[in-house]
Amino acid sequence: MTGTVYLVGSGPGDPELLTVKAQRLLAEADVVLHDHLPGPELLGTIPQEKRVDVGKRPDGERTPQEEINERLVARARDGETVVRLKGGDPMVFGRGGEEMAYLADHDVSFEVVPGVTSAIAAPGVAGIPATHRDMASSVSIVTGHEDPEKEESAVDWAALADAAGTIVVLMGVRRLPEYTAKLRDAGLDPDTPAALVERATWADQQVAVGTLASIPEAAERVGIEPPAVTVIGEVAAHRDRVVAWLEGER
């Protein structure tokens, strides 16, 4: 009999933020195909013999998506219970839609298990609400790392600059100077608060704060590296009101 593939979101990295269902499936799985975003602490809770690393590293080794798709089908056809473990939520820039369609095309049973997306969790744990009734009534989540084979960007930075809400950029560390410049050129105030949250909920989490104009320099000064979430908008200034509590200084 063909097994089932579970497309599971791991949340931002803290193992305690896994859903109850995700924990059960990880315990029951015959194999776990994972990337690197779940984080070392969470991955360390999964027996080594179950884990298959199919992660993609910026400017480094990577497993082609086509190969991942084929592995999912092959393991399921061997009758195994397969967990495809992804950081955050599998349907938010996690290629979950592509894998779901591939499994359906090959008549393999699958189920989506949502996770806590870092787009909301990372700002939150840094003291930055994605929305706030006095600051932002909308939030836009975009990628800062599009397919390099695209002829032009699918992200309308000018429209985002006019939206007057919070902008959250995932996978946007490398191109931070580029898209912050596009937003400024589109008319967004250079003094708009901004922040980057690296490795949110991990033991080595760190945060850089600044403005739309200064955040690239601030991120470099702090040493921000992927994975990190960028937050642009008035809500980013909210961290100043609560940071002492978050960092145990009160």
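Data block above holds the structure.
As the structure is a computational prediction, the values presented were derived from the model and not from experiment.

With that out of the way, let us pick up helix α4 (residues 96-105). For α4, the full list of buried residues reads G96, E99 and L103. Along the axis of α4, the buried residues cluster in a sector spanning 65°; they form a single face. The elements touched by buried residues of α4 are β1 (4-9), α3 (65-77), β4 (82-86) and β5 (109-113). The positive-phi residue at the C-terminal boundary of α4 is D107, with phi of around 55°.

Inspection of the secondary structure puts E80 in the loop between α3 and β4. Separated by 2.5 Å, the side chains of E80 and R75 make a polar contact. Ignoring sequence-local partners within four residues, the contact set of E80 consists of G3, T4, D30, V31 and R75.

Another aspect to go through is the sheet that holds strand β10 (residues 228-232). Strand order across the open sheet formed by 5 strands is β6-β7-β10-β8-β9, with mixed pairing between neighbours. At either margin of the open sheet sits one strand with a lone partner, and together these are β6 (139-143) and β9 (206-211). Each adjacent strand pair in this sheet contributes to an overall mean axis angle of 15°, direction not counted. Across 6 bridges, the pairing between strand β8 (residues 193-198) and β9 is antiparallel. Bridge pairing in β9 links V197 to V207. Along the sheet face, helix α5 (residues 118-125) touches β6, β7 (166-170), β8 and β10 and points at about 75° away from the line of β10. In this fold helix α7 (residues 176-185) packs onto β7, β8 and β10, with an angle of close to 15° to the strand it touches most, β10.

Criteria and cut-off values
- Residues numbered from 1 in each chain as written.
- Predicted model: local features only at pLDDT ≥ 70, side-chain atom pairs only at ≥ 80, totals over all residues.
- Heavy atoms only, no water.
- Buried < 20%, exposed > 50% of the residue type's maximum accessible area, 1.4 Å probe, protein only.
- Helix = DSSP H or I, 4+ residues; strand = E, 2+ residues; numbered from the N terminus.
- Arc of directions from axis to C-beta.
- Contact = heavy atoms within 4.5 Å.
- Polar contact = N/O pair within 3.5 Å; in protein donor to acceptor, adjacent residues only side chain to side chain.
- Pairing = 2+ DSSP bridges.
- Axes fitted to C-alpha atoms, helices over the stretch in contact; angles between N-to-C directions.

Function cannot be inferred from these measures alone, as they are strictly geometric.
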